[in-house]
Amino acid sequence: MQQLAEGVWKLSGFPPNAINVFVVGDVLVDAATRFAPRRILRQLNGRDIKTHVLTHAHPTTRARATRSASASAFRCGAARMMPTPPSGPR
């Protein structure tokens with residue numbers, strides 16, 4: 001992780017500087033790719049993350065964010081704010 005400013009960190013990712021994830025205070029910002037959850041959680045080790053927000057979301061990004069949140073017991077704000085698609089016939 002690279003500190004960018006007081007309380008602002010950029011997590012290491014792949015490819016470097018192309019798909020970014022940040023920690024701002026106790027908030028995790030974005031979710032990277034489907035290959036990133038373990039790398040993100042490893043870098044968050046010991047940090048007190050309260051919320052995970054997404055700057056934009058695709059269905060797969062929302063699922064990754066939800067999996068990361070459930071794996072580490074913090075809230076996933078974007079997943080809670082996004083409407084759930086209706087299921088079944090209308």
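In this numbering scheme, every chain counts its residues from 1 along its sequence in written order. Restriction of local features to residues with pLDDT of at least 70 applies here, the model being predicted, together with a cutoff of 80 or more for giving and counting side-chain atom pairs; totals for whole chains, interfaces and linings are based on all residues. Where side-chain values are given, they derive from all heavy atoms of the structure, hydrogens and water being excluded.

A. Representation of the pairing of strand β1 (residues 2-5) within the structure. Pairing between strands requires that DSSP locate at least two bridges from one strand to the other. For the purposes of this entry, the term helix denotes a DSSP run of H or I that reaches at least four residues, the term strand denotes a run of E that reaches at least two, and both are numbered from the N terminus. Here β1 pairs with strand β2 (residues 8-10) via three bridges, running antiparallel. Looking at the pairing, Q2 lines up with K10 of β2. Counting the residues that bridge the hairpin from β1 to β2 gives two residues, and of these G7 lies at a positive phi of roughly 75°.

B. Highlighting the environment of I19. Structurally, I19 can be placed in the loop between β2 and β3 (22-24). Counting along the chain gives twelve residues from I19 to A31, while the straight-line C-alpha distance between them is 8.9 Å. Residues contacting I19, with those up to four places away along its chain left out, are F14, A32 and T33. By definition, residues are in contact when any of their heavy atoms lie within 4.5 Å.

C. The side chain of H52, seen in detail. Residue position: H52 is located in strand β5 (residues 51-53). From its side chain, H52 meets the backbone oxygen of D30 in a polar contact 2.6 Å long. Counted as a polar contact is a pair of N or O atoms within 3.5 Å, where, for protein atoms, one must be capable of donating a hydrogen and the other of accepting one, and residues adjacent in sequence contribute only when both atoms are in side chains.

D. Main features of the nonpolar core. L11, V21, V23, L28, A32, A36, I40, L44 and I49 together form the largest nonpolar core, which totals nine residues. Among all residues touching V21, those that are not within four sequence positions of it are W9, K10, L11, L28, V29, D30, A31, A32 and I40. The nonpolar core is taken to be a set of buried Ala, Val, Leu, Ile, Met, Phe, Trp, Tyr and Cys residues, with the residues joined through side-chain atoms within 4.5 Å. Burial classification: accessible surface area is computed with a 1.4 Å probe over protein chains only, and a residue below 20% of its type maximum counts as buried, one above 50% as exposed, and the rest as partly exposed.

E. Quick peek at empty space enclosed by the protein. Each cavity reported here is a set of points on a 1 Å grid over the protein atoms alone in which a 1.4 Å probe fits but cannot get out, each pocket an open set with protein on both sides within 12 Å along at least five of seven lines, and each lining residue one with an atom within 4 Å of a point. Grid points are joined across faces, edges and corners, and a volume is the space filled by probe spheres set on the points. The final tally for this structure, using the stated rule, is one cavity of 30 Å³ or more. In this model, the largest cavity occupies a volume close to 40 Å³. In this structure, the largest cavity is lined by L11, S12, G13, I19, N20, V21, A32, A36, R39, I40 and Q43. Class assignment of the residues belonging to the lining of the largest cavity gives a composition of six nonpolar, four polar and one charged. Here the nonpolar group is Ala, Val, Leu, Ile, Met, Phe, Trp, Tyr, Cys and Pro; Asp, Glu, Lys and Arg are the charged ones; every other residue, Gly included, is treated as polar.

F. Structural detail: the packing of aromatic side chains. The rule is short: rings of Phe, Tyr and Trp, with Trp giving its six-membered ring, pair when the centres are within 6.5 Å, and they are stacked under 30 degrees, edge-to-face over 60, tilted in between. Evaluation of the coordinates by the stated rule reveals zero aromatic pairs. For a ring to carry a charge above it, either NZ of a lysine or CZ of an arginine must fall within 6 Å of the ring centroid while also lying within 35 degrees of the normal to the ring plane. The cationic tip of R47 hangs over the ring face of W9; the distance from NZ or CZ to the ring centre is 4.8 Å.

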